[in-house]
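# Results of the structural survey
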Amino acid sequence: MKFGTKAIHAGVDPDPSTGAIMTPIYQTSSYVQDAPGKHKGYEYARSQNPTRDVLQKNLAALENGTHGICFGSGLAALDAVLRLLSPGDELISTNDLYGGSYRLMTKLFAHYGIKFHYIDLNDTKNLKSTINEHTKMIWVETPTNPMLNIIDIKKVCKAVSTKDILVCVDNTFASPYLQNPLDLGADLVLHSATKYLGGHSDVVHGAIVVKNQELADRLYFIQNAAGAIPGPQDCFLVLRGIKTLHVRMQRACENAMAIASYLQKHPKVAHVYYPGFTTHPHHKVAKSQMSGFGAMVSFDLKVNTKASANKILKKTKVFALAESLGGVESLIGHPATMTHASIPKKDRLKVGLTDSLIRLSIGIEDIRDLKNDLASALK
Ligand SMILES: *Cc1c(COP(=O)(O)O)cnc(C)c1O
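Below is a summary of the structure that appears in this document. Model, not experiment: these values are computed from the prediction. (Residues numbered from 1 in each chain as written. Predicted model: local features only at pLDDT ≥ 70, side-chain atom pairs only at ≥ 80, totals over all residues. Heavy atoms only, no water.)

## Some thoughts on the pairing of strand S7 (residues 206–210)
Within S7, 5 of the 5 residues are buried, which leaves it mostly tucked inside the rest of the structure. Along S7, one buried face is formed by Gly206, Ile208 and Val210 and the opposite face, lined by Ala207 and Val209, is buried too. (Buried < 20%, exposed > 50% of the residue type's maximum accessible area, 1.4 Å probe, protein only. Helix = DSSP H or I, 4+ residues; strand = E, 2+ residues; numbered from the N terminus.)

Below, the structure is given as structure tokens:
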């Protein structure tokens, strides 16, 4: 099956009791047994839920994996992945990581004796020299937020292929429509389904997809034992969102390219960060590992002050000033004071995250309205 067909049909069968074409929301905590221990595969809803099962199968198919494991948020999913590690283990990640992931690693898991390294994962020499006998996991995020750097997944997998190290990829920014890390050699994929998978800014949800039974069993055990599960209504919303993922992503990418090109020619704009440009430093890698360049665009202003950014952030009418991304509606944000405020200014500036950097999550509205909105705000 091709992607658009899988998005709608994979794992989804008519409800056996009624024929309902849409997967019902099984809003139940328990299931009646015929005799002690004799049941239909469902005992208690932390352990199993039919709505969640369908979503897990669907996600596994979208990422070309064997098993999906769902959680109450993207960070709950990361929490489960980090529980695969033991005290003394080391993890290597990118120096351009989602703030919430960085916080979970450094503020919670570091206390349990796990050591974290943050490096430029595209620097293979540095990656190889950071790996030692305690290294158990590489945590990749690509494209990165908000600078939209691209990490070469195949190259990272190749650098660690001779060792017993799990390569995990946070695929939230690309979505499975644009990028399938398991096909590139990764062992595990994570999504904040809050973003493109849900797609309508109405649910917080997370998921992991793996491609082997042993890893799946360990993660199902953690899902049940720690209990950070999503509710059935949230699973339903993500399932419904996924049915239009391919169509939404096509339009959002198309809009993003048009907006990025428009901004690049604008006299008040100093720089546009978009991997779809041939001038982007990682364009070739993006082209080889993604089927499109995504719908996130960041840009910097010639007058590079917070005040000049603020003027634009306050003036847009179609672009809403808000955190998050990946919904049908376009959002505008100021990383320095919003998503990345916890990073010291000195460190922000090192990666190009200035006080005048603006991040856009491009939605699927009419492109003329999006352009006009930015044009009048930039005036
Ligand atoms: C939002 C996000 C997360 C965290 O997901 P939640 O659903 O908010 O817990 C993780 N990684 C990336 C790249 C994100 O954008």
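## Let's talk about the packing of helix H2 (residues 50–62) against helix H9 (residues 232–242)
Relative orientation of the contacting elements H2 and H9 amounts to 35°, with a least axis distance of 9 Å. Regarding H2 and H9, the two cross each other, and that crossing is left-handed. Contacts between H2 and H9 pair Thr51, Arg52, Val54, Leu55, Asn58, Leu59 and Leu62 from the former with Pro232, Cys235, Phe236, Val238, Leu239 and Ile242 from the latter. The residue inventory of the contact of H2 with H9, partitioned by class, reads 10 nonpolar, 2 polar and 1 charged. (Axes fitted to C-alpha atoms, helices over the stretch in contact; angles between N-to-C directions. Left-handed = near helix turned anticlockwise from the far one by under 90°. Contact = heavy atoms within 4.5 Å. Nonpolar A, V, L, I, M, F, W, Y, C, P; charged D, E, K, R; others polar.)

## What about the site of the ligand?
With respect to spatial proximity, the complete set of residues near the ligand consists of Ser73, Gly74, Leu75, Tyr98, Glu141, Asp170, Thr172, Phe173, Ser192, Thr194, Lys195 and His205. One nitrogen or oxygen atom from the side chain of serine 192 is found 2.8 Å from an oxygen atom belonging to the ligand. Between the ligand and lysine 195 there is a distance of 2.8 Å, counted from an oxygen atom to a side-chain nitrogen or oxygen. Contact with the protein chains hides 92% of the accessible area of the ligand, taken as 380 Å² for the molecule alone. Comparing atom positions with the cavity grids shows the ligand to sit within the largest pocket. (Near = heavy atom within 4 Å. Polar contact = N/O pair within 3.5 Å; in protein donor to acceptor, adjacent residues only side chain to side chain. Areas by Shrake-Rupley, 256 points an atom, 1.4 Å probe, with all protein chains shown as cover. 1 Å grid on protein atoms, 1.4 Å probe; cavity = no way out; pocket = protein on both sides within 12 Å on 5 of 7 lines; lining within 4 Å. Sits in = over half its atoms within 2 Å of the grid points.)

## Section: the nonpolar core
Leu263, Val272, Ile358, Leu360 and Ile362 are the most contacted members of the largest nonpolar core, which has 61 residues in total. Tallying contributions element by element places helix H10 (residues 245–265) first for this core, with 8 residues. There are two domains that each give this core at least three residues, and those are domain 1 (3–242) and domain 2 (245–378). When neighbours within four sequence positions are excluded, isoleucine 358 is seen to be in contact with Val297, Ser298, Phe299, Leu301, Ala309, Ile312, Leu313, Ile332, Gly333 and Pro335. Counting residues in hydrophobic clusters, the runner-up holds 28 residues, among them Leu97, Met105, Leu190 and Ile208. (Core = buried A, V, L, I, M, F, W, Y, C linked by side-chain atoms within 4.5 Å. Domains from an automatic or database assignment.)

## Considerations on the environment of histidine 340
Here histidine 340 is to be found in the loop between strand S11 (331–333) and helix H13 (345–350). Distance from histidine 340 to aspartate 96, taken between C-alpha atoms, is 11 Å for residues 244 residues apart in sequence. Aside from chain neighbours lying at most four places away, what touches histidine 340 is Asn145, Pro146, Pro335, Arg348 and Leu353. Within the local environment of histidine 340, its side chain forms a polar contact with the backbone oxygen of asparagine 145, the two atoms lying 3.1 Å apart.

## Considering the packing of helix H3 (residues 74–82) against helix H4 (residues 99–108)
Running from N to C, H3 and H4 cross one another at 40°; their axes reach a closest spacing of 10 Å. Regarding H3 and H4, the two cross each other, and that crossing is right-handed. Here H3 contributes Leu75, Leu78, Asp79 and Leu82 to the contact with H4, which in turn contributes Gly100, Ser101, Arg103, Leu104 and Met105.

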